[in-house]
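For reference, the chains in residue letters:
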Amino acid sequence: MVDYRYLGRSALKVSPLSLGTMMFGGPTPDDVAFRIIDKAREQGINFIDTADVYHDGKSEEVVGRGIKATRDHWVLATKFVNSHTKGPNLGGHSRKWVIETVENSLRRLNTDYIDILYFHRAVFDAPLEEPIRAIADLIRAGKLRYFGVSNFRGWRIAEVAHLADQLGIDRPVASQPLYNIVNRTAEAEQLPAAEHYGLGVVSYSPLARGVLTGKYQPGEAPGADTRAGRGDKRILETEWRPESVEIAKKIAAHAAAKGISAADFALAWVLNNKLVTATITGPRTEEHWDGYVRALDIRLDASDEALIDSLVTPGHPSTAGFNDPSHPLEGRIPRHAEPAIQPAAPRAVA
């Protein structure tokens, strides 16, 4: 039996695992993707997540074909803001882009409506009111049911909630932060803010892009058939850090003593947080998905929680001073940032 949970303060119920489809339309062959979708539905999973930019829209196309026969079973989520196409209004927060990208997503997904549309990330210099008004119009038109935010810091979650109140529309139902054992920064403000303002939390990367499966060994080159070995940009600039690899090895040993896999433990740890409604798991293979589902049956205890707290300080990443370059901090704007004056070269002595 799946433990369906209300998403935030909404009446929408979702499964604690969301089927992430970043690999669909790319590394995962279509027939495998369809088998994973069908298997997940048979197992009671009703939450599926994609984005307009995953493989230039091909992920949405595969998802649309995979859920067509059972569309009403699924809570379908996609995202906007990012774009691989060059142009001043191709991406971002403008009403023009919000409406255009939703129409494109509806076409690719081959559906009349999207259940949840996420802001994929914050655009620091763009207003928030304009896209929220556009989203409200799309909800009234029946093209969207709800909206959410992804990678928003706590104050932005609060601002979106306040803007929704001012505009007389429902608040967002979900926040989608990165959250895993080796990056606990969401605990500092994103998770408490979501709880306070009535958003459910649908976290992503619970396995730290594969690091927490224990597949990497400290001090060794990554295997050729891994994201790090293939030179994946995002894992190399974020999760594939020496400290995280070391921690993953310790977790793997702890999990083995409990008779479970490192991945099972890492997923169960995320879901053991009462502030987390669901987490997104992105399988590349059917075997990956089979492993993820096992985590739903695992229960952690106080000793497990204490171990993780001893390895990674609550509210912090595993690596001191680490910040994700794709989501920079905004708290320092130098008043003066002229190029440093270089000292003159010493004059030659005759």
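The structure this text deals with has already been given above.
The paragraphs below set out a description of the structure included in this document. Computed from a predicted model, the values in this text were never measured in an experiment.

Here we look at the sheet that holds strand E8 (residues 174-176)
The parallel closed barrel is built from eight strands, whose spatial order is E3-E4-E5-E6-E7-E8-E9-E10. On average, each strand axis in the sheet is inclined to that of its neighbour by 30°, with strand direction left out of account. Pairing of strand E7 (residues 144-150) with E8 involves three bridges; the strand directions are parallel. From the neighbouring strand, Ser-150 faces E8, where its bridge partner is Gln-176. Set on the sheet, helix H4 (residues 129-140) makes contact with strand E5 (75-80), strand E6 (114-119) and E7; between it and E7 the angle comes to about 155°.

Focus: the environment of Asp-137
Mapped onto the fold, Asp-137 is located in helix H4. Along the primary structure Asp-137 and Ile-45 are separated by 92 residues, whereas in three dimensions their C-alpha atoms are 30 Å apart.

Considerations on helix H5 (residues 154-167)
For H5, spanning 14 residues, the distance from its first C-alpha to its last is 20 Å, which sits close to the expected 20 Å at 1.5 Å a residue. Buried-residue contacts for H5 involve H4, E7, E8 and helix H6 (190-197). Directly beyond the C-terminal end of H5, a positive phi value near 75° is found at Gly-168.

A few points about the pairing of strand E3 (residues 17-20)
Here E3 shows two buried faces, one formed by Leu-17 and Leu-19 and the other by Ser-18 and Gly-20. Pairing analysis gives three bridges linking E3 to strand E10 (residues 278-281), with the strands arranged parallel. Paired with Leu-17 across the strands is Thr-279, a residue of E10. The pairing of E3 with strand E4 (residues 47-49) spans two bridges and is classified as parallel. Its bridge partner lying in E4, Gly-20 is registered against Asp-49. In the classification by handedness, the crossover that spans E3, the intervening helix H1 (residues 30-42) and the parallel E4 is right-handed.

Focus: helix H10 (residues 286-294)
Three or more residues of H10 are buried, namely Glu-286, Trp-289, Gly-291, Tyr-292 and Val-293. Of the surrounding elements, those touching the buried residues of H10 are E3, H1, helix H9 (262-271) and E10.

Quick word on the packing of H4 against H5
It is at 10 Å that the axes of H4 and H5 come closest, and there the two elements cross at 55°. The angle between H4 and H5 places the two elements in the oblique class. Seen from above, H4 lies across H5 with right-handed handedness. Touching Glu-129, Ile-132, Arg-133 and Arg-140 of H4 are Val-160, Leu-163 and Leu-167, all from H5. Per-class residue counts for the contact of H4 with H5 are four nonpolar, no polar and three charged.

Focus on the pattern of salt bridges
Evaluated as defined, the whole model comprises 27 salt bridges. Between Asp-30 and Arg-65 there is a salt bridge, and its shortest N-O distance comes to 3.0 Å. In this pair, Asp-30 is assigned in helix H1 and Arg-65 in helix H2 (residues 58-67), connecting sequence segments 35 residues apart. By relative accessible area, Arg-65 is classed as partly exposed at 46%. Here Arg-294 and Asp-264 are joined by a salt bridge, their closest N and O atoms 3.2 Å apart. Separated by 30 residues along the polypeptide, Arg-294 in helix H10 and Asp-264 in helix H9 bring together distant segments of the chain. What makes Arg-294 partly exposed here is its relative accessible area of 45%. Overlapping salt bridges, with partners in common, bring together Asp-31, Arg-35, Lys-39, Glu-286 and Asp-290 in one network.

Here is what the cut-offs are and how they apply
Residues numbered from 1 in each chain as written. Predicted model: local features only at pLDDT ≥ 70, side-chain atom pairs only at ≥ 80, totals over all residues. Heavy atoms only, no water. Pairing = 2+ DSSP bridges. Helix = DSSP H or I, 4+ residues; strand = E, 2+ residues; numbered from the N terminus. Axes fitted to C-alpha atoms, helices over the stretch in contact; angles between N-to-C directions. Contact = heavy atoms within 4.5 Å. Expected span 1.5 Å × (residues − 1). Buried < 20%, exposed > 50% of the residue type's maximum accessible area, 1.4 Å probe, protein only. Right-handed = clockwise from strand over helix to strand, strands pointing away. Parallel < 35°, antiparallel > 145°, perpendicular 65-115°, else oblique. Left-handed = near helix turned anticlockwise from the far one by under 90°. Nonpolar A, V, L, I, M, F, W, Y, C, P; charged D, E, K, R; others polar. Salt bridge = Lys/Arg side-chain N within 4 Å of Asp/Glu carboxyl O.

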